[in-house]
Amino acid sequence: MRTHLSLMTAALLLAGCASLAPEPQRPVPALPDWPSFGTGESATIDWREFIIEPRLRQTIAQSLANNRDLRIAVLNIERARALYRIERADRFPSVNATAANTRQGEPASGQYSVRLGLASYELDFFGRVRNLSEAALQSFFAVEENRRSSQISLIAEVASAWLNLAADADRLKVARETLQSQQASLRLTERALALGAVSELGLAQARTTVETARVDVARYTSQVTQDRNALELLVGGPLAAELLPAEGSLQGPTSLLLPLPAGLPSEVLQRRPDVRAAEHLLRAAEADIGAARAAFFPSISLTASAGTQSASLGGLFSGGSGVWSFVPQINVPIFDAGRRRAALQLSEADRDLAVVGYEKTVQTAFREVADALAERGGLAEQLDAQQALTAANERRFALSDALYQRGASSYLELLDAQRSLYAARQGLVSVRLNEQLNRVALYRALGGG
């Protein structure tokens, strides 16, 4: 029996190493002739380093633990891993042990047997099974990269939602402060009207500014509630009050996110998860071509068994009871109405689609980074100008108020200065929000850390 098992093992080693898959290639898509970005330090920045604000960092951590979309991405990885294991298992023989007791009548007889069998193992001379396994492996890698891409997108979406909530909360704060100030001015104007110091027109204008501020307070109150609902949906559950943005988060000069370095090499885009996923899908398509080509060649499968057989249980393992069988089978393709040819053409078409998909993904990545970098340059100057504008309007309002209190200026000038200051403060919140969102967009465009 040991000799027969040795023969079976030797037959299994005949599986060839040939592969009919095309040589792997990385397409070079047409891209703008950009200058080198520099050192590429951002490729090593972890999201915990990128997020400076502790409340936002804890919010993102909670979302990574609870978000349903990310859970789906993780479960897809498990599914792809199982599919790869199924395909990989076909590269190894399936060995089964069986024991049987057969009884017959007329005349009565019985037979006992124990066998170790090899069931239809294909000798992979032309790499069909190996290429199918490689295609499943590359598909698994692509799913894993998609999971990474989903995580980076989730981090960016949570950060953007949290920043929008902070901005609307700051806008609400500015609107409430302005409303309180204008209500106080309205009361003074009503007294001044009773004394004949202002006209009905002045009182009407004062009431207009108050009602405008009331509208803004109501609008931003509703928007803050909607922002929190959107954030909790991304987080996957209720968000504790201590994780909400602190008051005035976007009104001060403190940055909530780490500024990414300006020097970034174009090679960093090759590490983006979506680019890597597209490349793995291309490799899977190339392996499918190898499997489709191998289908044109003969396939050899082995079915073998070895064991013992006896009419009595006591003689089952005695000398001379050994039995074996060895059944090689050759399958030669002759005619299939073009099925194999069509399968090969389908695989080649899928490979061509994967090439185009890879090129488009790389081009999209370059554009997203270029747009984020271009916007960053303009936002820095815009933020500096908006801060100067706000400071100038604060000075103007203070002077107008002082002159009005002395009777040296009209109430209309004070109202105009107050409206200008309100618009400048709201504009500063918007510019700071855009500057922080730009950092999120650049982090996402570079594939995270």
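Residues numbered from 1 in each chain as written. Predicted model: local features only at pLDDT ≥ 70, side-chain atom pairs only at ≥ 80, totals over all residues. Heavy atoms only, no water.

*Asks:* Would you explain the overall build of the protein in this entry?
*Replies:* Assigned secondary structure in the protein consists of 9 helices and 4 strands. Ordered by position from N to C terminus, the α and β elements of the protein give α-α-α-α-β-β-α-α-α-β-β-α-α. Here the protein holds 449 residues, and the buried ones make up 39% of them. Roughly 24300 Å² of accessible area belongs to the protein as shown, and the carbon and sulfur atoms make up 55% of that amount. (Helix = DSSP H or I, 4+ residues; strand = E, 2+ residues; numbered from the N terminus. Buried < 20%, exposed > 50% of the residue type's maximum accessible area, 1.4 Å probe, protein only. Areas by Shrake-Rupley, 256 points an atom, 1.4 Å probe, with all protein chains shown as cover.)

*Asks:* Would you mind going over the packing of aromatic side chains with me for this structure?
*Replies:* The relation between two aromatic rings is expressed through the spacing of the ring centres and the mutual angle of the planes. Per the counting criterion, the structure on display carries 2 aromatic pairs. Ring geometry for Phe-50 against Tyr-443: centres 4.3 Å apart, planes inclined by 5°, an arrangement best described as stacked. In this pair, Phe-50 is assigned in helix H2 (residues 47-50) and Tyr-443 in helix H9 (residues 411-445), connecting sequence segments 393 residues apart. You'll find Phe-50 and Tyr-443 in the same group, each marked buried. Between Phe-140 and Phe-141, the aromatic rings sit 5.8 Å apart at their centres with planes inclined by 45°, giving tilted as the arrangement. Overall, Phe-141 belongs to the partly exposed group, its relative accessible area being 30%. (Phe/Tyr/Trp six-rings, centres within 6.5 Å; stacked < 30°, edge-to-face > 60°.)

*Asks:* Is there a simple way to think about the side chain of Arg-171 in this case?
*Replies:* Tracing the sequence through the fold places Arg-171 in helix H5 (residues 128-194). Given a relative accessible area of 13%, Arg-171 falls into the buried group. For Arg-171, the side chain forms a polar contact with the side chain of Asp-168, separated by 2.7 Å. (Polar contact = N/O pair within 3.5 Å; in protein donor to acceptor, adjacent residues only side chain to side chain.)

*Asks:* Teacher, can you tell me more about the nonpolar core here?
*Replies:* Taken as a class, soluble globular proteins show a tendency for nonpolar side chains to be buried jointly. The biggest cluster of nonpolar side chains holds 61 residues, and the ones touching the most others in it are Ile-60, Leu-231 and Leu-257. Within the residue set of this core, elements represented by two or more residues are H2, helix H3 (54-66), H5, helix H6 (200-235), helix H7 (273-294), helix H8 (339-406) and H9. Of the residues forming this core, the biggest block, 16 residues, is contributed by H5. Setting aside anything within four residues of it in sequence, one finds Leu-257 in contact with Phe-50, Ile-51, Ile-52, Leu-56, Leu-163, Gln-436, Arg-439 and Val-440. (Core = buried A, V, L, I, M, F, W, Y, C linked by side-chain atoms within 4.5 Å. Contact = heavy atoms within 4.5 Å.)

*Asks:* What's the story with the side chain of Thr-390 in this structure? I'm lost.
*Replies:* Locating Thr-390 in the fold gives a position in helix H8. Looking at Thr-390, the relative accessible area reads 5%, which means it is buried. If near-sequence neighbours (up to four positions away) are discounted, Thr-390 is found in contact with Leu-421, Ala-424, Arg-425 and Leu-428.

*Asks:* Even after reading the chapter, I still don't get the environment of Leu-75, so can you show me in this structure?
*Replies:* Inspection of the secondary structure assignment puts Leu-75 in helix H4 (residues 68-89). Since its relative accessible area comes to 58%, Leu-75 is described here as exposed. For the pair formed by Leu-75 and Arg-147, sequence separation is 72 residues and the distance between their alpha carbons is 9.5 Å.

*Asks:* For this particular structure, what's the right way to read the pattern of salt bridges?
*Replies:* Side-chain pairing between opposite charges can occur once the charged atoms of the two side chains come close. Summed over the entire model, instances satisfying the criterion amount to 18 salt bridges. Note that Asp-168 and Arg-171 form a salt bridge whose closest N and O atoms lie 2.7 Å from each other. With Asp-168 and Arg-171 both in helix H5, this residue pair falls 3 residues apart, about one helical turn. The buried category is assigned to Asp-168, whose relative accessible area is 7%. Here Arg-425 and Glu-177 are joined by a salt bridge, their closest N and O atoms 2.6 Å apart. (Salt bridge = Lys/Arg side-chain N within 4 Å of Asp/Glu carboxyl O.)

*Asks:* What's the story with the packing of H5 against H9 in this structure? I'm lost.
*Replies:* Two quantities define a packed helix pair, namely the angle between the axes and the distance from one axis to the other. Contact geometry for H5 and H9: axes closest at 9 Å, N-to-C directions at 175°. The pairing of H5 with H9 is recorded here as roughly antiparallel in orientation. Of the residues that constitute the contact of H5 with H9, the class distribution is 16 nonpolar, 12 polar and 6 charged. (Axes fitted to C-alpha atoms, helices over the stretch in contact; angles between N-to-C directions. Parallel < 35°, antiparallel > 145°, perpendicular 65-115°, else oblique. Nonpolar A, V, L, I, M, F, W, Y, C, P; charged D, E, K, R; others polar.)

*Asks:* Would you explain the environment of Ser-430 in this entry?
*Replies:* With respect to the element layout, Ser-430 can be found in helix H9. Sequence separation of Ser-430 and Asp-170 is 260 residues, and the distance between their C-alpha atoms is 9.7 Å. A distance of 3.1 Å separates a polar atom in the side chain of Ser-430 from a polar atom in the side chain of Arg-171.

*Asks:* What's the story with H8 in this structure? I'm lost.
*Replies:* Two residues of an α-helix separated by three or four positions point the same way, owing to the 3.6 residues in each turn. Its 68 residues place the ends of H8 96 Å apart at the C-alpha level, agreeing with the 100 Å of an ideal helix rising 1.5 Å per residue. Looking one or two residues beyond H8, the residue adopting positive phi is Gly-407, at roughly 80°. (Expected span 1.5 Å × (residues − 1).)

*Asks:* Got a minute to help me understand the environment of Ala-365 in this structure?
*Replies:* Note that Ala-365 resides in helix H8. Once the C-alpha coordinates of Ala-365 and Val-275 are considered, the two residues, 90 residues apart in sequence, prove to be 8.0 Å apart.

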